[in-house]
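Spelled out, the chains give:
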Amino acid sequence: MRKRFSRLADGLAKTRLAILDGIKNALSRGPALDESGLADIEETLIGADVGVDTSAHLVDVLRAGSGERSADGAGGVTTLLAAEIGRILESACADATPEPATPPLVVMVVGVNGVGKTTSIGKLARRYVDDGKTVIVAAADTFRAAAGEQLAVWAERSGAQLVGGVAGGDPAAVAYDALDAAVARRTDVLIVDTAGRLHTQKNLVEELRKIRRVIAGRLEGAPHEVLLVVDANTGQNAISQTRLFDEAVGLTGIILAKLDGTARGGIVVPIARELSIPVRYVGTGEAIDDLEDFDPGVFAGGLLGVGGVRGGTDDGPRDDR
Amino acid sequence: MFDQLSERFQNAFRTLTGRGKLTEANVEEALREVRRALLEADVNFKVARSFVEDVKARAIGDEVLRSVTPGQQVVKVVHEELVRLLGGEGEPFRMPSASPAVIMVVGLQGSGKTTFCAKLARYLRKRGKSPLLVAADTYRPAAQDQLEKLAAQLGVPAYRGAAGTDPVTICEGAVAEARSGGADVAILDTAGRLHVDEEMMVELERIRESTSPEEVLLVLDSMTGQDAVNVAGEFVERLDFTGAVLSKLDGDTRGGAAVSLRAVTGKPIKFAGVGEKLDALETFHPDRMASRILGMGDVVTLVERVQESADLEQAAKLEEKLLKQSFTLEDFFEQLQAVKKMGPLDQLMGMIPGMSKVGKIDVDEGALGRVEAIINSMTPEERRHPSILDGSRRKRIARGSGTSVQDVNRLLKQFETMKKMMKQFGKMGKTGKVPISPPFGM
C-alpha cells in the first residue's frame, strides 16, 4: 500500500459543511426528526447532487430509524446516513482488476468532453510508474486540436512512453499500434486515451466500440479495464453518461475527477445505487499525485464528517503542489 | 429516464386537464411534480423552491381557477414563468462596436471556453468582423496550441505572445496587435481552474481592468449540477460578466444549470453550444430551454395548436355519433383535416414529450394524402355506408384515387378497427376527448 496523504477530506469539505449545516437546521426544533426536518435533510442531500430518488431513499432510511435512541441528534443522523451511503457505494464495488494472463494490462479511458480524461490518464500513468511498472499511453484522441500535445506533456511528467497518432487519423489504428508496441516492448500497462464525446452521439460512440473491438481482437481479454471519467461538478446527467457508455463499451469503473473542494461529488451515490458501477479512483487536485483509490467508507465518512476523516486531516507526508 | 419523467409529468397534468374545476390541493400536487422535474434537471434546490412558490401564487389566483380550462392554464403558467426566468424573449448578442473591441471569455476548466472562442470568431467573421484569437491560457498543457490550431482551421489570426509571458501581458499585447494589425475584435481565451479560486479571480480582474472588454462572457457547462449557483455567483460578483454561454447542450442534459445561473445573476444567456464542430453555435432560446428543463417537449405549443384548430361544436357532434356508433368515413375525413390543420405531422410528433428523444420519426405525409384521395373518390353514399363497397366499387375508387385496391382495402380495414376502438371508448364513458389516430401505417 502506498503511503499517500488523503486529500479526499479536503475535496469534500464544502459539501460536508453544507450537509452538516442542513442536518443542524433540521434538528433545530428538537433532537428527533419530524417530517419537516426530514424534508430539510432531503433538500440538503439533493443540494449535494445525490439526486431526487436517492435522497428520498436516504430519508426513508432515516425515517425508519427514527424512534430509536441511536438515531437521535446530529450524531445519530450522520452515522445512519454515512452507513447507508457507504453500503450503497460498497454494493457497487467490484474485486480488484485481475492481473492479465499476458501483459500488457490494457486500460481504456472514456468520457464526455472536458471532464478531465487526459489529466486523469497522466495521473493514472504516474501511479503505475510509481509502482515500478512500465507504461505506454496511446493518444487515440485524434479529433480535438492539440489533444496529442496535451497528452505528451502528461506522459513526460509521469514517466510514461507515448504512442501518438496523426490529427484526424483513425483512433482505432492508434490503439492497435500502441498495443502492438506494448506487446513488443513487453510493457506492463497500456492506457488508451480517447476523444471526449457526448454519450448521445451515436456515430462517435460507435467509434468507441470499434476501438474496443480492435483492442480485443489484438489481445485476448483486453481491454481489462474500461474507465469512465466523470466530472464531480456534473449533475444528474452523469447517470445518463454512465448508462450509455456502459451499454456501448462495458465499463469496469469510474474515475471521479475534479473533486477539489467545491464540487459536490454526491452524484456517485445514485450511480452506484442505480447502475452498480463502482468508483475506482478520485481525482482531488491539479497536481500529478492527486489521484486516490476510492474507498466507499472513507468517502461516505468524508461526506458526513464521521469516521477517521472528521477532522479533515490524516497522517502522512503532504506533497507541496 | 427522460421518457419516464415526461410521463409522470403528463400524468400530473392529465389529472389537472381532466377536471373542470381545480382545488388548491390539485394544483399543489401538480406543482410537486414540477419541483421534482426541476430538481432532476439540476436546478438548484433553493431556486426550485422559490420558483414553485412564485408559480403557486399565480396558479391559485383568480386567473387560473376561474378560467374555462384551469388545468391547461396551470401548465401555461409554469411554462411562462420559467421562460420569463430564463430571459423572456431572449437577448441576442450585439455586435461589438468599438474598434478594436475586446471580448473576454471566462469559465471553469473543461467548460468549453477554447472551443467557444473559436466558434465566436467564426460567428463574428461571418458578420463582417476581423477577429483575433488570443491564447491567454498558459496553464493547461497545450491549450495555446489548441487555440492556434482552431484559428488555423478557420483562417483567423491567433496571438499567444512569447513563451513564458504572463496572461495579462499577453492580453495587452494582443489588443495592441489588433489595433495595429487590422483586427477589430480580440477574443481572449483565458485559463480555467478546477474551481473558482482567489488567484484565478485576481488574474481575470487584472485582465479585465487592463483591456476594458466590451463583453465578458461566462461559459457554463450545461451538465453542471447544484454547484452552478456558486460558480455563477462568484463570477458575477468578481467580474460582473455581461452574458453567459451554455455549452454542450447537444447531449441529453436537461440543463437546469441555466435556471440557476439566471436566478443568481440575472445576466442574459446569449449563446448555446450544440456540438464540437465550429459552426455548432446557436442563439439561446428561453422558451425551448424551459420545455427542455420541464421535460415536457413542446407541450404548450401543442396544446395551443390543438385549441386553435379544434372546433368544439364539431367535436361534440362527433362524440354523439361515436356513442350512437354512427361514425362514418365522412367523419373520419373531417378528423384527418383537423389533424392536418395543426401543422406538418413530423413537427407535431416532435412536440410530443419523449418523442423528440426517440430520434427522427418518419411520418409518411404521402400516406395521409393517399387516404384523402381514396375517400375523395367515394360517393357520399359510400362514405356514409362503407358496407356497400363491393369489389367493383373498390376497383373504381382505386383507379380514381391513383392507388391500388390493396390500399383501399387496408384503409377500410383500419377504419373498421378504429370504429371498434371508438366504440369501446364510447362505452368507457364520456371523456370528451376524441381519439385521433390517422393510419400512418399505409
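To keep things clear, this report deals only with the structure shown in the data block. All of these numbers come straight from a predicted model, not from anything done at the bench.

The rules behind each value
Residue positions are given per chain, counted from 1 along the sequence in the order it is written. Labels are handed out in written order, letters beginning with A for the chains and numbers beginning with 1 for the ligands. Per-residue local features of the predicted model are confined to residues with pLDDT of at least 70, and side-chain atom pairs are confined, for both listing and counting, to 80 or more; whole-chain, interface and lining totals are unaffected and use all residues. The side-chain quantities take in all heavy atoms of the structure and omit both hydrogens and water. Secondary structure elements follow DSSP: runs of H or I of four or more residues count as helices, runs of E of two or more count as strands, with numbering from the N terminus. Partly exposed residues are those whose accessible area sits between 20% and 50% of the maximum for their type, while under 20% is buried and over 50% is exposed, using a 1.4 Å probe and protein chains only. The contact rule is simple, with two residues in contact once any of their heavy atoms fall within 4.5 Å. Here the open area of atoms and residues is found with the Shrake-Rupley method and a 1.4 Å probe, where only the protein chains shown may cover a residue. A pair of strands is labelled paired if DSSP reports no fewer than 2 bridges between them. Axes here mean lines fitted to C-alpha atoms, for a helix over just the part in contact, with angles spanning 0 to 180 degrees between N-to-C directions. Buried area is understood as the total, over both parts, of accessible area removed when two parts are fitted together, assessed with a 1.4 Å probe. Counted as salt bridges are all cases of a side-chain nitrogen of Lys or Arg within 4 Å of a carboxyl oxygen of Asp or Glu. Identification of polar contacts relies on pairs of N or O atoms within 3.5 Å, with a donor-acceptor requirement for protein atoms, meaning one able to donate a hydrogen and the other able to accept it, and with residues adjacent in sequence counted only if both atoms are side-chain atoms. Each residue after the first adds 1.5 Å to the expected span of a helix. The arc in question is the one spanned by the directions pointing from the helix axis to the C-beta atoms. Here a crossover is taken to be right-handed if, once the strands point away from the viewer, the path from the first strand over the helix to the second is traced clockwise. Residues belong to a common nonpolar core when they are buried Ala, Val, Leu, Ile, Met, Phe, Trp, Tyr or Cys residues joined through side-chain atoms within 4.5 Å. Reported domain spans reflect what an automatic or database domain assignment gives.

## Describing the overall build of chain B
If you tally the helices and strands in chain B, you get 21 helices and 8 strands. Per-residue burial over chain B gives 51% buried out of 442 residues. Taking contacts inside chain B between residues at least 6 apart in sequence as the whole, the part at least 24 apart equals 76%. Within the structure as shown, chain B displays about 20,000 Å² of accessible surface, and the carbon and sulfur contribution to it stands at 49%.

## Some details on unusual backbone geometry
Geometrically, the link from Pro103(A) to Pro104(A) is a cis peptide bond, its omega value of 5° lying close to zero. Note on placement: Pro104(A) falls in the loop between α5 (73-92) and β1 (105-110). Residues Ser99(B) and Pro100(B) are joined by a peptide bond in cis, for which omega reads 0°. Among the secondary structure elements, Pro100(B) is positioned in the loop between α5 (70-86) and β1 (101-107). A positive phi angle, near 55°, is found at Arg186(A), a position not held by glycine. Inspection of the secondary structure puts Arg186(A) in the loop between α8 (171-184) and β4 (189-194).

## A few points about the sheet that holds strand β3 (residues 161-163) of chain A
All names here are of chain A. As summarised here, the arrangement of the 8 strands in space is β3-β2-β4-β1-β5-β6-β7-β8, forming an open sheet in which the pairing is mixed. The open sheet has two edge strands with one neighbour each: β3 and β8 (291-293). Averaged over all neighbouring strand pairs, the angle between strand axes comes to 25°, with direction disregarded. Both β1 and β4 contribute to a ladder of 5 bridges, which runs parallel. Looking at β4, one finds that valine 109 is bridged to aspartate 193.

## Overview of the environment of Lys133(A)
Residue and element names in this part refer to chain A. Relative to the assigned elements, lysine 133 resides in the loop between α6 (117-130) and β2 (135-140). On the accessibility criterion, lysine 133 (31% relative accessible area) is partly exposed. Through-space distance from the C-alpha of lysine 133 to that of alanine 160 is 9.4 Å; in sequence the pair is 27 residues apart. Setting aside anything within four residues of it in sequence, one finds lysine 133 in contact with Glu99, Tyr128, Asp188 and Val189.

## With respect to the interface of chain B and chain A
Taken residue by residue, the interface counts 32 residues in chain B and 40 residues in chain A. Regarding the contact of chain B and chain A, the summed buried area is about 3,400 Å², with carbon and sulfur atoms giving 53% of it. Of all residues in chain B, Leu194(B), Met223(B) and Glu276(B) give up the largest surface area on contact with chain A, accounting jointly for 20% of the area buried on that side. Linking chain B with chain A are 4 salt bridges. Note that Asp53(A) and Arg36(B) form a salt bridge whose closest N and O atoms lie 2.5 Å from each other. Seen at the junction of chain B and chain A, the total is 17 residue pairs in polar contact (both at pLDDT 80 or more).

## Some details on the sheet that holds strand β7 (residues 269-273) of chain B
Within a sheet, neighbouring strands are paired by backbone hydrogen bonds and run either parallel or antiparallel to one another. Residue and element names in this part refer to chain B. Pairing within the open sheet is mixed, and its 8 strands lie in the order β3-β2-β4-β1-β5-β6-β7-β8. Unpaired on one side and paired on the other, β3 (158-159) and β8 (281-283) mark the two borders of the sheet. Taken strand by strand, helix α6 (residues 113-126) contacts β1, β2 (131-136), β4 (185-190), β5 (215-221), β6 (243-247), β7 and β8, and its axis lies near 170° from that of β4.

## Here's the deal with helix α9 (residues 202-218) of chain A
Residues and elements named next belong to chain A. Here α9 is 17 residues long and its end C-alpha atoms lie 25 Å apart, about the 24 Å a rise of 1.5 Å per residue gives. All of the buried residues along α9 are Val205, Leu208, Ile211 and Ile215. Looking straight down α9, one finds its buried side chains confined to an arc of 105°; they lie on one side. The exposed set on the far side of α9, more than 90 degrees from its buried face, consists of Lys202, Asn203, Arg213 and Gly217. Lining the buried residues of α9 we find β1, α8, β4 and α10 (237-249).

## Digging into the pattern of salt bridges
Overall, the coordinates contain 35 salt bridges over all chains when judged by the stated rule. When the shortest N-O distance is used, the salt bridge between Asp34(A) and Arg29(A) registers 3.7 Å. Two residues, Glu215(B) and Lys270(B), come together in a salt bridge whose shortest N-O distance is 3.3 Å. You can see Glu215(B) sitting in strand β5 and its partner Lys270(B) sitting in strand β7, a full 55 residues away along the chain. Take Glu215(B) and Lys270(B): they sit in the same class, and that class is buried. One network of salt bridges, in which partners are shared, links Arg58(B), Glu80(B), Glu81(B) and Arg84(B).

## Side note on the pairing of β6(B)
Residues and elements named next belong to chain B. Burial analysis of β6 places 5 of its 5 residues in the buried class, which makes it a mostly covered element. Every second residue of β6 is oriented toward a common face, with Gly243, Val245 and Ser247 on one face and Ala244 and Leu246 on the other, all of them buried. Sheet analysis places β5 next to β6, joined by 5 bridges and oriented parallel. What sits directly across from leucine 217, in β6, is glycine 243. Since β5 and β6 lie parallel, the crossover through helix α10 (residues 228-239) that links them has a hand, and here it is right-handed. Note that β6 and β7 share 3 bridges and pair parallel. Paired with valine 245 across the two strands is phenylalanine 271, which belongs to β7. Handedness of the β-α-β unit built from β6, helix α11 (residues 257-265) and β7 comes out right-handed.

## Some details on the nonpolar core
If you look at the biggest cluster of nonpolar residues, it comprises 97 residues, and the most contacted ones within it are Ile41(A), Ile191(A) and Phe299(A). Both domains that furnish three or more residues to this core are identified here as domain 1 (2-93) and domain 2 (105-294) of chain A. Each residue touching Phe299(A), except ones within four places of it in the same chain, is listed here: Leu8(A), Leu12(A), Leu89(A), Leu256(A), Leu259(A), Gly265(A), Val268(A) and Phe294(A). If you look at the next biggest cluster of nonpolar residues, it comprises 69 residues, including Val47(B), Val134(B), Ala186(B) and Ala272(B).

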